[in-house]
Amino acid sequence: MPSSRDFLRQVALFSDLEPTALEVLTRGAARRAYDANEVVFSEGATSEGLYIVEDGWLKGSKLAESGREQVLRYFGAGEAVNEVSLFVETTNPATLTALEPSHVWLVPRQAILVLAAEQPSFLWPLTQALARRLHYVVGLVEDLSLFPLEARVAKFLLEHSEDAVLERRRWATQAELAARLGTVPDVLHRVLRNLSEAGLIEVERQQILILDPAGLEARTRAG
């Protein structure tokens, strides 16, 4: 198990901090372990601080009263979660859930605020992180409200593939991907089948192969 100092030093947000500044953050940092499907924090609960993923995968999501889930984003190793709550005394805006066994470090909000007061330059990387998060959310809203499902699926496949292959982790079920893309499993299945029949992709159990990147790119502009 890495020490809080060793781990936080490797996180992009804190990589340029002096040792004394890093010490401020490590004083109250705590490492927590979560099993698959275990909730890290719930929407509406009081925020404890900044969460940073050491290993595993987690998802941030909103849940409607009907039970319908909208996944906002997936978080992997080295990524920070819940930056907004650091500067606004508010509750968690979404729920964070582990998709597989994961370790997460919690840096208390007060430690972040103390460091920001002592070293204002520390606010710059946090400001950049917040700007990136805002840009991502605006893009997500645009996708969900302005583009048909087929276009959203095509865009997702292209953005998350590597060398024309989208590896499907064990937790990346049809239901999980549907929640990310703003639909339900049956409808997502039909879209994937249509793209497959058009010769654009090939769906396998553990991966999705992109056979025609240009053709799939054209589908992102459909509608």
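Notes on the structure follow. In this numbering scheme, every chain counts its residues from 1 along its sequence in written order. It should be noted that, the model being predicted, local features are given only for residues of pLDDT at least 70 and side-chain atom pairs only at 80 or more, the latter also being counted only at that level, while totals for whole chains, interfaces and linings use all residues. To get the side-chain values, take all heavy atoms of the structure and skip hydrogens and water.

### Side note on the sheet that holds strand E11 (residues 207–210)
And step 1. Within the open sheet, the 3 strands sit side by side as E9-E11-E10. Their pairing is antiparallel. Since the sheet does not close on itself, it has two edges, and those belong to strand E9 (165–167) and strand E10 (201–203), each with one partner. For this sheet, the mean inter-axis angle between neighbouring strands, taken without regard to orientation, is 15°.
And step 2. One requirement defines pairing of two strands: DSSP has to find at least two bridges between them. Secondary structure elements follow DSSP: runs of H or I of four or more residues count as helices, runs of E of two or more count as strands, with numbering from the N terminus. Judged from the 3 bridges that link them, E10 and E11 form a sheet pairing that is antiparallel. When the sheet's bridge partners are listed, Ile201 is paired in E11 with Ile210. Fitted lines through C-alpha atoms serve as axes, helices being fitted only where they are in contact, and the angles separating the N-to-C directions of these axes extend from 0 to 180 degrees.

### Some points on the pattern of salt bridges
And step 1. Put simply, a salt bridge is a Lys or Arg side-chain nitrogen that is within 4 Å of an Asp or Glu carboxyl oxygen. Applying the stated rule across the entire model yields 12 salt bridges.
And step 2. Glu48 is the partner of Arg32 in a salt bridge, and the nearest nitrogen-oxygen pair spans 3.4 Å. Here Arg32, found in strand E1 (residues 30–34), pairs with Glu48, found in the loop between strand E2 (39–41) and strand E3 (49–55); they are 16 residues apart in sequence, far enough to count as distant.
And step 3. Under the scheme applied here, a residue whose accessible area is under 20% of the maximum for its type counts as buried, over 50% as exposed, and between as partly exposed, the area being computed with a 1.4 Å probe on protein chains only. Accessibility expressed as a relative area gives 27% for Arg32, which makes it partly exposed.
And step 4. When its relative accessible area of 41% is taken as the criterion, Glu48 is described as partly exposed.
And step 5. One salt bridge in this structure joins Glu176 and Lys59, with 3.1 Å as the shortest N-O distance. Placement of the pair is Glu176 in helix H6 (residues 174–181) and Lys59 in strand E4 (residues 58–63), with a sequence separation of 117 residues. Residue Glu176 shares its accessibility class with Lys59, and that shared class is buried.
And step 6. Via salt bridges that share partners, Lys59, Glu69 and Glu176 belong to a single interconnected network.

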